[in-house]
Amino acid sequence: MLNITETRIRMVKTESEGKLKGVASITIDNCFVIHDLKIIEGGDGGLFVAMPSKKTPMGEYRDIVHPTNNEMRDKLKALILSEFEKAKEANT
């Protein structure tokens, strides 16, 4: 399994961003970086992590990077949300 060696969080502080609370970048095995993982507040108030995506000519958004199994998705979500909470505490 890939090793996430660094996680960076950028807090979103403006209300104009709506439900977007932060943006994360992760480094895998000290050699591959993924930017723009979005930390979003869901309808129930809970947080989730959205993968980087792009808008298609048909107006849909498609993930351009994503985990291929639930185990990696859960690990990634837990790590990013944990780092988000640390960043949030440091900023208060």
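Residues numbered from 1 in each chain as written. Predicted model: local features only at pLDDT ≥ 70, side-chain atom pairs only at ≥ 80, totals over all residues. Heavy atoms only, no water.

Topic: the layout of surface pockets
For the largest pocket, the calculated volume is near 220 Å³. In this structure, the largest pocket is lined by 14 residues; those nearest its centre are Leu-2, Ile-28, His-66, Pro-67 and Met-72. Sorting the residues of the lining of the largest pocket by element identifies strand E2 (20-28), strand E3 (32-41) and helix H1 (70-90) as the ones contributing at least two each. Here the lining of the largest pocket is built from residues that sort into 11 nonpolar, 3 polar and no charged. (1 Å grid on protein atoms, 1.4 Å probe; cavity = no way out; pocket = protein on both sides within 12 Å on 5 of 7 lines; lining within 4 Å. Points joined across faces, edges and corners; volume = space filled by probe spheres on them. Helix = DSSP H or I, 4+ residues; strand = E, 2+ residues; numbered from the N terminus. Nonpolar A, V, L, I, M, F, W, Y, C, P; charged D, E, K, R; others polar.)

Quick word on the nonpolar core
Of all hydrophobic cores here, the largest spans 16 residues; its most connected members are Ile-26, Leu-37, Val-49, Leu-76 and Ile-80. Mapped by element, the contributors of at least two residues to this core are strand E1 (4-11), E2, E3 and H1. Here this core takes 6 residues from H1, the largest share from any one element. For Leu-37, the contacting residues outside a window of four places in its chain are Gly-22, Val-23, Ala-24, Ser-25, Ile-26, Val-49, Ala-50, Met-51, Pro-52, Leu-76 and Ile-80. (Core = buried A, V, L, I, M, F, W, Y, C linked by side-chain atoms within 4.5 Å. Buried < 20%, exposed > 50% of the residue type's maximum accessible area, 1.4 Å probe, protein only. Contact = heavy atoms within 4.5 Å.)

Quick look at the pairing of E2
Of all 9 residues making up E2, 8 are buried, and the element is well covered by its neighbours. One ladder, built from 7 bridges, connects E1 with E2; its direction is antiparallel. Its bridge partner lying in E2, Arg-10 is registered against Val-23. Examined bridge by bridge, E2 and E3 share 7 bridges and lie antiparallel to one another. Paired with Ile-28 across the bridge in E3 is Phe-32. Hairpin geometry of E2 and E3 is characterised by an intervening segment of 3 residues between the two adjacent antiparallel strands and by a positive phi of about 50° at Asp-29. (Pairing = 2+ DSSP bridges.)

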